[in-house]
Amino acid sequence: MVIKGFVQKEWLQNKGGFWAVLILLSIYTPASLFIKYLSKGDQPFVFYTDTFGIAPFLVFILAVSQMGIERGKGIVDFTLSLPYKRGAIYFIKWSMGVLAILLSISLNFMITHILLDTTHAEHDPLVGWYGLMLISLVMLYTLTFAAGALTGTALAQTIVAISAAILPLLIIGITLANISIFFQSFYFDYVNLEWIFYITPVTYAGFFFDEPYGNIFYPLVMTVIFYFIGYFSYIKHPNERTGSFFLWKQLEIPIHILVILIGILSFSVFGYIISDETISGYVMGAVFGAVIGFFISYMLIFKSAKNRMK
Amino acid sequence: MLFINNVSKSFGNEKVLENLQLQLRKGEIFGLLGRNGSGKTTVLRLIQQILLPDEGEIVFEDKRIHLHPEVKQKILYVPVRQPFYDPFNYKQIVRVLKNIYPNFDVTYANELINRYHLPENKPFRNFSTGMKKQFSIILAFAARPSIILLDEPTDGIDAVTRHDILQLMVEETAERETTMLITSHRLEDIERICNRIGMLQNNTISDVMDLDEMKGMYSKIQAVFEEDVILTIREKGIPILDHAGVFYTMVLRKDDQEKRTFLKNLKPKVWHELPVNLEEVFIAKFGGNRRW
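Residues numbered from 1 in each chain as written. Chains lettered and ligands numbered in written order. Predicted model: local features only at pLDDT ≥ 70, side-chain atom pairs only at ≥ 80, totals over all residues. Heavy atoms only, no water.

Caption draft 1: Region of interest: the overall build of chain A. Looking only at helices and strands, chain A has 11 helices and 2 strands in total. For chain A, the succession of helices and strands along the chain, N to C, is α-α-β-α-α-α-β-α-α-α-α-α-α. Burial status across chain A gives 48% buried among its 310 residues. By sequence separation, contacts in chain A at least 24 residues apart represent 77% of the contacts at least 6 residues apart. (Helix = DSSP H or I, 4+ residues; strand = E, 2+ residues; numbered from the N terminus. Buried < 20%, exposed > 50% of the residue type's maximum accessible area, 1.4 Å probe, protein only. Contact = heavy atoms within 4.5 Å.)

As structure tokens, then:
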């Protein structure tokens, strides 16, 4: 009964986000299938399960609405004042999002299946693809949700979620690129580096699905990791609205340094390439990257919090 | 009933509360006073566990609230703003609250909503400030809590609405023995309804006492001196409420014989001792650190 009250509150508060996921995610694939069918002309109808379309965007919006916008509007104070453990609040909120995704994907699958049967279209096996889509969307939702438990505003949540989604690819990629500049003999075998994509969350947004990645192990593990990062942040960190970028102040300086390092490593490679592979170009790029990295992270992490506190 | 035991809280490097101790009794209306930024709202938010204390614990009916958040079914917090309510009307909010608070009394809520002619179908965001306050307080009362934490309940509302709200609070306490913890800058309201008050100063609560007892501790001195002695009085740290020419109104603790003797030694031509009100005590207490 008491939990029912919280579910009602959560539904009422995020109705827009839930309906967007429930409706758009349910009809997106059937609608695009139907449009393709209408425009096929005399050609045999072949339906490719290639991308997840707008689905990642929808789950992202839902997670931001549940966490970042709640905090930004000050509703988080009401949520935390309710007679529930913080862990239970986090779990119920997350479960409702996951349930909405599960329901929508199931509906999407059923409608698509019926349409494909009706139109006798050629298509890839659906179950594996839908399974991957479901796990991927839950993982991306959990990542964004957890980012909301770490950050103080919707903008901060968005930036942290997107950064975390590309971080493994970015860090490993630019590190290897830097190594290959200084150690020319270093053999850069891109084919063998495919595993980086598997551990990079943004891969599962469907942007790089040239070939179906049948492995759901990685997104499943990432879901568990992100869930618990968010969970512990939610129950341990100060959750009230402060306008700070990170709720846990101790994260500010390490992330500031990380952004500067990424700026140095990426701009140095860029400088090296555009200067016809000279070390002076590399150094100039590194300096430029350090300055850019410093100012971007300073403005986002420290300056914006100061402005909001005034 | 509710104990705040050695609670400390900092925001960044700024210490807001240090070793705060307070006990709330059943059926009392407790007024928490303090200057702007002294941490009054922080105390309420700590009790409600919106903020977690850095040290110490808050215990309600022998249960530590952070380990047993279910006890918050009996503790309601009415903040200055309630943004969750904004898009919803009365019926939508009641539907949620009655499932969160098992004792929520819909009949009582309806009765009060009708008594104060508050609209049932209008979104909360379209209410006036006074209506919002009334509405939030009614919903808090209808949840039938043991303790209500009210942050500036009469701030920004007209005299009639203020009267209604204060009346409602007094009735609730009298009929149901609900405990209330109120912060307010309207000292006349505190003076009117509170049994006990506490002053939040220097990161902790001092002078927790009955209101009458506190007022009995101070005297308002009206004195006329031969010449302008303002600098002499300021140097001695005596709070001056009013000063016109050689006519002075000051506040003194009754037991502060040293300052009393000092003033008497200035040979006042006229000397009257009068009872003080809460506002005068407040000014004397909190204005003491500034230049008078």
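Next comes the rest of the account.
Caption draft 2: Summary view of unusual backbone geometry. All names here are of chain B. Unlike most non-glycine residues, N6 shows phi in positive territory, near 50°. Overall, the relative accessible area of 37% leaves N6 in the partly exposed class. The phi dihedral of K267 falls on the positive side, at around 55°, and the residue is not glycine. Take K267: it is sitting in the loop between α9 (257–265) and β14 (270–274). Take K267: its relative accessible area is 59%, and that puts it in the exposed class.

Caption draft 3: Representation of helix α3 (residues 106–115) of chain B. Residues and elements named next belong to chain B. The set of residues buried in α3 consists of Y108, A109, L112 and I113. Seen along its axis, α3 keeps its buried residues to an arc of 135°; they face one direction. In the core, the buried residues of α3 are packed alongside α2 (90–100), α4 (129–142) and α5 (159–176). A distance of 3.2 Å separates the backbone nitrogen of T107 from a side-chain oxygen at the start of α3, and that oxygen is part of D105. Positive phi shows up at H117, right after α3, with a value of about 50°. (Arc of directions from axis to C-beta. Polar contact = N/O pair within 3.5 Å; in protein donor to acceptor, adjacent residues only side chain to side chain.)

Caption draft 4: Main features of the packing of α3(B) against α4(B). Residues and elements named next belong to chain B. Where α3 meets α4, the closest approach of the two axes is 9 Å, and the angle between their N-to-C directions is 155°. Between α3 and α4, the angle falls in the class roughly antiparallel. For the pair α3 and α4, the sense of crossing is right-handed. Note on element contacts: α4 touches α3 through F135, I138, F141 and A142, opposite Y108, A109, L112 and I113. Broken down by class, the residue content of the contact of α3 with α4 amounts to 8 nonpolar, no polar and no charged. (Axes fitted to C-alpha atoms, helices over the stretch in contact; angles between N-to-C directions. Parallel < 35°, antiparallel > 145°, perpendicular 65-115°, else oblique. Left-handed = near helix turned anticlockwise from the far one by under 90°. Nonpolar A, V, L, I, M, F, W, Y, C, P; charged D, E, K, R; others polar.)

Caption draft 5: Region of the structure containing the confidence of the model for chain B. Residues at a pLDDT of 70 or more form 98% of chain B, whose mean pLDDT is 87. As scored by the predictor, the complex reaches a pTM of 0.86 and an ipTM of 0.84. (pLDDT = per-residue confidence, 0-100.)

Caption draft 6: Representation of a nonpolar patch on the surface within the structure. A cluster of nonpolar side chains, namely A:W19, A:I23, A:L24, A:I27, A:Y28, A:I54, A:F57, A:I61, A:L107, A:M110 and A:I111, defines an oily patch on the protein surface of about 950 Å² accessible area. No other element matches the 5 residues that helix α2 (residues 15–38) of chain A contributes to the nonpolar patch. (Patch = residues over 30% accessible without salt bridge, like charges linked within 9 Å, V, L, I, M, F, W, Y side chains within 5 Å. Areas by Shrake-Rupley, 256 points an atom, 1.4 Å probe, with all protein chains shown as cover. Salt bridge = Lys/Arg side-chain N within 4 Å of Asp/Glu carboxyl O.)

Caption draft 7: Spatial organisation of the sheet that holds strand β10 (residues 204–210) of chain B. Residue and element names in this part refer to chain B. Read from one edge of the open sheet, 6 strands run β6-β7-β8-β3-β9-β10, paired in mixed fashion. Among the strands making up the open sheet, the edge pair consists of β6 (75–78) and β10. Between one strand axis and the next, the sheet turns through 15° on average, direction left out of account. The pairing of strand β3 (residues 29–34) with strand β9 (residues 196–201) spans 5 bridges and is parallel. From the neighbouring strand, L33 faces β9, where its bridge partner is M199. Each of β3, β9 and β10 is contacted by helix α10 (residues 278–286), which is oriented at about 25° to β9, the strand it contacts most. (Pairing = 2+ DSSP bridges.)

Caption draft 8: Structural context of the domain arrangement of chain B. All names here are of chain B. Each assigned domain of chain B is listed here: domain 1 (2–202) and domain 2 (215–286). The C-alpha-based centres of domain 1 and domain 2 are spaced at 37 Å. When residues of domain 1 are sorted by the area they lose upon contact with domain 2, L187, E191 and M199 head the list and together hold 55% of the total. Viewed at the interface, domain 2 and domain 1 are joined by 0 salt bridges. Among the secondary structure elements, those contributing two or more residues to the side of domain 1 that touches domain 2 are β3, α6 (187–193) and β9. Per-element accounting of the side of domain 1 that touches domain 2 gives the leading share, 4 residues, to β9. Tallied by class, the residues present in the side of domain 1 that touches domain 2 amount to 6 nonpolar, 2 polar and 2 charged. (Domains from an automatic or database assignment. Buried area = accessible area lost by both parts, 1.4 Å probe.)

Caption draft 9: Here's a closer look at helix α10 (residues 252–274) of chain A. Residues and elements named next belong to chain A. The end-to-end C-alpha distance of α10 is 33 Å, a good match for the 33 Å that 23 residues give at a rise of 1.5 Å each. Taken as a whole, α10 has its buried residues at E252, H256, I260, I262, G263, S268, V269, G271 and Y272. Phi turns positive one or two residues past the end of α10, at D276, with a value near 55°. (Expected span 1.5 Å × (residues − 1).)

Caption draft 10: Broad picture of the side chain of B:D189. By the secondary structure assignment, B:D189 is in helix α6. Residue contacts for B:D189: discarding those within four places in its chain leaves B:T154, B:R162 and B:L166.

Caption draft 11: Molecular detail of the interface of chain B and chain A. With 26 residues of chain B in contact, the opposing surface of chain A contributes 24 residues. Roughly 2,200 Å² is buried in total at the junction of chain B and chain A, and carbon and sulfur atoms are behind 61% of that figure. Applying the counting criterion to the chain B and chain A interface returns 1 salt bridge. Between A:D77 and B:R45 there is a salt bridge, with its nearest N and O atoms 2.3 Å apart. On the surface where chain B and chain A come into contact, there are 7 residue pairs in polar contact (both at pLDDT 80 or more). Among the elements that take part in the side of chain B that touches chain A, α2(B) stands out by supplying 6 residues, more than any other. The residue inventory of the side of chain B that touches chain A, partitioned by class, reads 15 nonpolar, 6 polar and 5 charged.

Caption draft 12: Up close: the pattern of salt bridges. Per the counting criterion, the structure on display carries 22 salt bridges over all chains. The shortest N-O distance in the salt bridge between B:E61 and B:K74 comes to 3.4 Å. Note that B:E61 is positioned in the loop between β4 (55–60) and β5 (63–64) and B:K74 in the loop between β5 and β6, a separation of 13 residues in sequence. Taking the relative accessible area as the measure of exposure, B:E61 reaches 39% and is therefore partly exposed. Look at B:K74 and you get partly exposed, because its relative accessible area is 34%. Between B:E188 and B:R186 there is a salt bridge, with the nearest N and O atoms lying 3.3 Å from each other. Three or more residues joined by partner-sharing salt bridges are found here, namely A:K9, A:E10, A:E70 and A:K93.

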